[in-house]
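The lines below spell out each chain.
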Amino acid sequence: MYDPVQLRTFLTVAQTLSFTQAAGRLGVRQSTVSQHVRRLEEATGRPLFLRDTHSVELTEAGEALLGFARTILEAHERAAAHFTGTRLRGRLRFGASEDFVLTRLPEILEGFRHEHPEVDLELSVELSGTLHERLDAGRLDLVLAKRRGPGDERGRLVWRDRMVWIGAEGLRVDPDRPVPLIVFPPPGITRARALEVLERDGRGWRIACTSGSLSGLVAAARAGLGVMAHTRGLIPPGLVRVAGLPDLGSVEFALLRGGRSSPEAEALASAILSGADRLTRPA
């Protein structure tokens, strides 16, 4: 028997790749997080994480436990909802970053709709920068988007990853020519990061393609028009990492709530946090 509390702690560490961040999200001490993980490792008889003073990574056994943990927790939550007899009603305006178009976010939303059929869910898919603006203007209730950058600690951390340069297989960037960029239009957070990093490194650049949709950017990259900055865990099929360009640093995705708190928003936030490992998997 695996303790659901320990499984939730394990999932949170897997999503944030940080014992400290997991403790903050769960509202417990870091020592409690370490204890939960240690007890799960004792129960499975396998190490679940490779960790040192600088990084945390899932082991092969940890990857295998992800799916089991999510299934157990989902069953636990369905049972709790059934016996409490609570039914949510109302309208929920949810915004999701373009980054999640090709992931399994729709599965999470489908599960939420099944559990709460009387909630009218309105979905907006936009650039993270646009979602921040709409949330601040009161036009959205809940947003899943990139944080704006270092120092931005708004919302509940869902997932942290590295950003990398990607392009078509075989693409080479000439160090003596401007870097051909494939980017979202302003106020794209990834666009701003790419330009900032290149200018700091003294590299020239030119805009080879601009599109407001991830599908448009991916098509341009597959055609070999240039390179794009992208989250390492969400690299689309047909594209690979491109070497020889400056480091883009890390990126954090967070759930942010608007001024109007509601049980509906909290229920969807809980569903996303529980299933966050699906957000790193292609649909």
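For clarity, every value in this text was computed on a predicted model and none was experimentally measured.

Caption draft 1: Representation of the overall build of the protein chain within the structure. Secondary structure assignment for the protein chain yields nine helices and 11 strands. Taken over C-alpha atoms, the radius of gyration comes to 20 Å for the protein chain, in line with the 19 Å a tight globule of 283 residues would show. Seen through its C-alpha atoms, the protein chain measures out along the principal axes to roughly 65 × 45 × 30 Å. Taken across its 283 residues, the protein chain has 49% of its residues classed as buried. Here the contacts in the protein chain between residues at least 6 apart in sequence split such that 75% fall between residues at least 24 apart. Of the accessible surface of the protein chain, which amounts to about 13,900 Å², a share of 50% is contributed by carbon and sulfur atoms. For the protein chain, the distance from the average site of its 38 positive side-chain charges to the average site of its 35 negative ones is 1 Å.

Caption draft 2: Broad picture of the side chain of Asp161. Structurally, the position occupied by Asp161 is in strand E6 (residues 156–168). Setting aside its immediate chain neighbours within four residues, Asp161 contacts Thr231, Arg232, Gly233, Ser250 and Val251.

Caption draft 3: Quick peek at the environment of Val251. Tracing the sequence through the fold places Val251 in strand E11 (residues 250–257). Residue classification places Val251 among the buried positions, given a relative accessible area of 3%. Residues Val251 and His230 lie 21 residues apart in sequence; the distance between their C-alpha atoms is 9.6 Å. With sequence-adjacent residues up to four places away left out, Val251 is seen in contact with Lys146, Trp159, Arg160, Asp161, Arg162, Met163 and Thr231.

Caption draft 4: Region of the structure containing the pattern of salt bridges. Applying the stated criterion to the full structure yields 16 salt bridges. Salt-bridge contacts for Glu266 lead to Arg257; the nearest nitrogen and oxygen are separated by 2.7 Å. Beyond isolated ion pairs, a larger network of salt bridges with shared partners links Asp136, Arg148 and Arg154.

Caption draft 5: Up close: unusual backbone geometry. Pro187 follows Pro186 through a cis peptide bond whose omega is 10°. Along the chain, Pro187 falls in the loop between strand E7 (179–183) and helix H7 (189–200). Unlike most non-glycine residues, Leu17 shows phi in positive territory, near 50°. Positionally, Leu17 belongs in the loop between helix H1 (4–16) and helix H2 (19–26).

Caption draft 6: Examining H7 more closely. Between its first and last C-alpha, H7 extends 16 Å over 12 residues, near the 16 Å set by a 1.5 Å rise per residue. Taken together, the buried positions of H7 are occupied by Ile189, Thr190, Arg191, Arg193, Ala194, Leu195, Val197 and Leu198. Phi for Gly202, located one or two positions after H7, is positive at around 75°.

Caption draft 7: Broad picture of the packing of aromatic side chains. Counted according to the given criterion, the structure contains four aromatic pairs. Ring plane angle 15° and centroid distance 5.1 Å describe the contact between Trp159 and Phe253, whose orientation is recorded as stacked. On the criterion of sequence distance, the pair formed by Trp159 in strand E6 and Phe253 in strand E11 is long-range, its members being 94 residues apart. Taken together, Phe10, Phe19 and Phe49 form an aromatic cluster joined through their ring pairs.

Caption draft 8: Region of the structure containing the nonpolar core. Counting 42 residues, the largest nonpolar core has Leu144, Trp165, Val227 and Leu279 as the members making the most contacts within it. Elements that contribute at least two residues to this core include exactly strand E3 (90–97), helix H5 (105–115), strand E5 (142–146), E6, E7, H7, E11 and helix H9 (263–274). The element best represented in this core is H9, accounting for six residues. For Val227, the residues in contact, after removing those within four places along its chain, are Trp165, Ile166, Leu171, Val173, Val179, Pro180, Leu181, Ile182, Val242 and Leu245. Val13, Phe19, Leu48 and Ala61 belong to the second-largest nonpolar core, a separate cluster that totals 20 residues.

Caption draft 9: Main features of the pairing of strand E4 (residues 119–126). Direction of pairing for E3 relative to E4: parallel, over a ladder of eight bridges. Each bridged residue has a counterpart across the sheet, and for Ser97 the counterpart in E4 is Glu126. Between the parallel elements E3 and E4, the chain passes through H5 in a crossover that is right-handed.

Rules used in this analysis
Residues numbered from 1 in each chain as written. Predicted model: local features only at pLDDT ≥ 70, side-chain atom pairs only at ≥ 80, totals over all residues. Heavy atoms only, no water. Helix = DSSP H or I, 4+ residues; strand = E, 2+ residues; numbered from the N terminus. Rg over C-alpha atoms; globule rule 2.2 N^0.38 Å. Buried < 20%, exposed > 50% of the residue type's maximum accessible area, 1.4 Å probe, protein only. Contact = heavy atoms within 4.5 Å. Areas by Shrake-Rupley, 256 points an atom, 1.4 Å probe, with all protein chains shown as cover. Lys, Arg positive; Asp, Glu negative; His and termini not counted. Charge placed at Lys NZ, Arg CZ, Asp CG, Glu CD. Salt bridge = Lys/Arg side-chain N within 4 Å of Asp/Glu carboxyl O. Expected span 1.5 Å × (residues − 1). Phe/Tyr/Trp six-rings, centres within 6.5 Å; stacked < 30°, edge-to-face > 60°. Core = buried A, V, L, I, M, F, W, Y, C linked by side-chain atoms within 4.5 Å. Pairing = 2+ DSSP bridges. Right-handed = clockwise from strand over helix to strand, strands pointing away.

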